[in-house]
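# Structural overview
Take a look at the letters that make up each chain.
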Amino acid sequence: MSVTISIKNALKKYGDNVIIPDLNLEIKEGEFFTLLGPSGCGKTTLLRMIAGFNSIEGGDFFFNDTRINDLDPAKRNIGMVFQNYAIFPHMTVRKNVEFGLKNKKLPKDQVKTQAEKFMALMHVDEYAERLPERLSGGQQQRVALARALCIEPDVLLFDEPLSNLDAKLRVEMRTVIKNIQHSVGITTVYVTHDQEEAMAVSDRIAVMNAGVIQHVGTPKNIYQRPANLFVSTFIGRSNVMNGKLAIEDGKTMLVTPSGYKAEMVNVLDQYKQDQDVIMSIRPEELILNRDVNAEGITATVDDCVFLGLMTHYFVHLESGEEAEIIQESSIDSIIEPGTKIKLTLNTEKINIFTADGSANMLTGVCNDCANA
Amino acid sequence: MAGKKKFEIWTVVALALLASFILFLVYPLGTVLKESVIMPDGSVSLEQFAKFFSKSYYVNTIFNSVKVTLSVTCVSLLLGIPIAYFYSFYKIKFSKTIFVLSILCCMSAPFIGAYSWIMLLGRGGVITQFLEGVVGLKVGSIYGFKGILLVQSLKFFPLVFIYMNGAFKNIDNTLMEASANMGCVGLRRLKDIVLALSMPTILAAALMVFMQAFADFGTPMLLGEGYQTFPVLIYNQYLGETTNNYNFAAALAVIAIIVTAIVFFFQKWATNRFKFSMSALHPVEKKEAKGIKGFFMHLYCYVLVAIAFMPQLYIIYLSFRNCKGAIFHPGYSLVNYQQALKKLLWRSIKNTTMMGILSLTIIIVIAVLIAYLVVRRANTLNNTIDTIAMLPYIMPGAVIGLALLMAFGKKPFALTGTFAIMVIALVIRRLPYTSRSATATLMHISLSIEEAAISLGASKLKTFITITVPMMANGILSGAILSWVAIVTELSSGIILYNNKSITLTMSTYVAITRGNYGLAAAFAAILTVVTTISLLIYLAVSKSEDVNL
């Protein structure tokens, strides 16, 4: 049975060192929810508070209506997959998978059939009698997953499960994890620092920094309309530049340091006034024009990198800032370093933030985080 | 660990351990300290220490001990490092046999080696007589400094061998290749890379050799003659025939602890300067030992191990020789064994086995508990327990024997000569080694494995028993069998504590030697050697590896 996880005013400290000051979060029943953030942001700490391995200094954790703060970790009915897999090295694959079922005191034949079902599901049934040391990393990860799933947990927790695998296996395993999660429909909390991985697997992502949730939303929304400057720079790449907002003839104009102006039609009403802003422009949101007489920001190409599908240009602007541009590679020749070009903005896509970077000024931000 | 601090079973375990350590370790050591400064008439005085330092006869024993022990340490390193290097980096023929024989050498009771060397090189020794009679060469005396140095070096170089072999295995082959790539090969690479990388292990091996050689009582007792070392002095002061001075013996024990403590902390200080961690992804591939170089490598390994192992073989040979008292007669028989049967052979074997099993069980249980407390429940109380348990590491066996005797020699705890006090002494003596290896093993076990078990619904106790302990089993077992051998061959503390009822094989051998029953001694020693050999072979079969953890 799957559950909704509600976290209210969670507080975590080690001594006087506050890791998570006051965190509120609701994870919906059956969803694949990812905690994403730089290392040390408190995401693993939060996960371990849910699992019961970290003490909770304040606030309430609920599975549906049951408060679990003081519930023994062994009784929370959680399936957990660890970064180092945590496979019991002295037990065969089968014994590993059966371990949780035996603790539930299920009848013997049921333990066997259940374990076999999940070993087959994870394609590790052929190694059932092997000791873990004779399995590859990917196979061990599958065993860990089978072991976590077969107790039919209310919640699945993943603590950076793919970080010990090589790049190719990582991509393969994340698809496996996502597909399994969708087919069993168990509420899942997944911790990672890899934003691409988070995008690939999640229904919703919570971006954390310094123990505070910055933005909770779908991968698409977090990428396209990040709630604040931190999220926009942490997710994907962004060129961050200072700019100004100016109201001219009732139109809201974005003014770059070099004086280039572009109309913004999606600025929230409360921000429609003259003020300093921070522009966050993804490399693909800068449009490159070889015609130096065209309107736009003047820039000089410093370097270019051809990557097949895309070509990256590194340029510096008239006003001194450096920027990165990504363009689909074209069949004609690459622009040589030293060439002067003009840049314009894809105003529909770029984001602008208040001068302190704390809030996005545009419409379309969907942040489910209550205290953001 | 969830929620508020709950009352835990581990707190009870910790307090129970602390209580037993206070009773069986802190209290006896306190007694020694007390006896050393409080005179029979109740006055406090440093008179005993003054007595020690005022007479060169006494002070010299310290110099003797330190001098011979340092020499033994250096010679052991010089003998052990090359053989370990050849063994780890080259394909030496019969290398496995060499390794096993080396371990057997350092596992035998030290004084048996000494006794056998006397038989070979002593005044009436076969080699001595052969050289004098046939070749006309005078070998000089094996007694005194030279003899102790010879016997102890040959006994302890295998320790260095075992330690260094472990360190060399951890050197990644790419480091060797990188060094060759930058033009550093041969002896320079050996010095700048291989030995420099192994420095922490060299120091650890040196400390181990120093501690064991310093505390060795049997060898200098048999071979020292005029060259008296510290453990011998302590023993003589306590139980010697001429003098019997409790307070002075206690003062000696305190001085001994101070000397070993200084060495211990000096070693720690030196080790801290070489702190780095390595783990080899690509272990070094052994090269063929070819040509003249290869010949000398083989020669070195074989000759060294042969010399070191010779005394043990000779003892077994002697045990079948006809013998009356101290004189061996021509011809072979089982007369020595028949005599042994009359002289408490069965009791010795029974005691040895029972004490060994009981002590080992207690040691393993306590070591596992301490490891868990220190690694998983670190707090001041548990770290204190760990530190106390480690104290005997720097204490010569004679000191521990003396401490237990002083503490439990009189009411309310009159335990001297009982089976119990022997077990207590053995546990105290050997616990630091096992608890170290148990702690190290547990540190390498990731906490998340235990968490996985808990999240799969296992209780904490069940997790500990079904997950933690089995995972530690390998590390503990490998250490345990060596502890077993050390227990079986223990002499220095036992010699002070035993009596006729609690006599062991080692003690029987020693008694036979000191009473001049050489044939009888050879029989006991041969049995002891067989017991240790079998134990070791079991160990090698069980652990299925060449690695030996001490």
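All values derive from a computational prediction rather than experimental measurement.

About the thresholds
Residues numbered from 1 in each chain as written. Chains lettered and ligands numbered in written order. Predicted model: local features only at pLDDT ≥ 70, side-chain atom pairs only at ≥ 80, totals over all residues. Helix = DSSP H or I, 4+ residues; strand = E, 2+ residues; numbered from the N terminus. Buried ≥ 20, exposed ≤ 12 C-beta atoms within 10 Å, placed from the backbone. Contact = placed C-beta atoms within 7 Å. Pairing = 2+ DSSP bridges. Axes fitted to C-alpha atoms, helices over the stretch in contact; angles between N-to-C directions. Domains from an automatic or database assignment. Nonpolar A, V, L, I, M, F, W, Y, C, P; charged D, E, K, R; others polar. Expected span 1.5 Å × (residues − 1).

Per the secondary structure count, chain A includes eight helices and 20 strands. Looking at the 372 residues of chain A, the share that counts as buried comes to 41%. Of the contacts formed within chain A by residues at least 6 apart in sequence, a portion of 67% connects residues at least 24 apart.

Before going further, it helps to spend a moment on the sheet that holds strand 13 (residues 261-263) of chain A. Residue and element names in this part refer to chain A. Taken in spatial order, the five strands of this open sheet run 13-12-11-14-20, and their pairing is antiparallel. Among the strands making up the open sheet, the edge pair consists of strand 13 and strand 20 (351-354). Shown here is a sheet whose adjacent strand axes are inclined to one another by a mean of 40°, direction ignored. Where strand 12 (residues 251-255) meets strand 13, three bridges bridge the pair, whose relative direction is antiparallel. Note that in strand 13 the partner of Val-255 across the bridge is Lys-261.

To continue, consider the domain arrangement of chain A. Residues and elements named next belong to chain A. Under the domain assignment used here, chain A contains domain 1 (5-229) and domain 2 (230-354). If you average the C-alpha positions of domain 1 and of domain 2, the two centres end up 39 Å apart. Domain 1 puts 13 residues into the contact, and the matching count from domain 2 is eleven residues. Elements that contribute at least two residues to the side of domain 1 that touches domain 2 include exactly strand 9 (204-209), strand 10 (212-217) and helix 7 (219-224). When its residues are assigned to classes, the side of domain 1 that touches domain 2 shows seven nonpolar, five polar and one charged.

Ordered in space as 2-1-4-5 (chain A), the four strands form an open sheet in which the pairing is antiparallel. Where the open sheet ends on each side, the last strands, each with one partner, are strand 2 (17-27) and strand 5 (66-67) of chain A.

With that settled, consider helix 13 (residues 246-272) of chain B. For an α-helix the count is 3.6 residues per turn, leaving residues at separations of three or four pointing the same way. Spanning 27 residues, helix 13 of chain B covers 39 Å between terminal C-alpha atoms, matching the ideal 39 Å at 1.5 Å per step. Every buried residue of helix 13 of chain B is listed here: Phe-248, Ala-249, Ala-250, Ala-251, Leu-252, Ala-253, Val-254, Ile-255, Ala-256, Ile-257, Thr-260 and Val-263 of chain B.

A few words now on the environment of Pro-161 of chain A. All names here are of chain A. With respect to the secondary-structure elements, Pro-161 resides in the loop between strand 7 (155-159) and helix 5 (167-184). For Pro-161 and Gln-141, which are 20 residues apart along the polypeptide, the C-alpha to C-alpha distance reads 7.7 Å. Ignoring any residue separated from it by four or fewer positions in sequence, one finds Pro-161 in contact with Val-81, Gln-83 and Gln-141.

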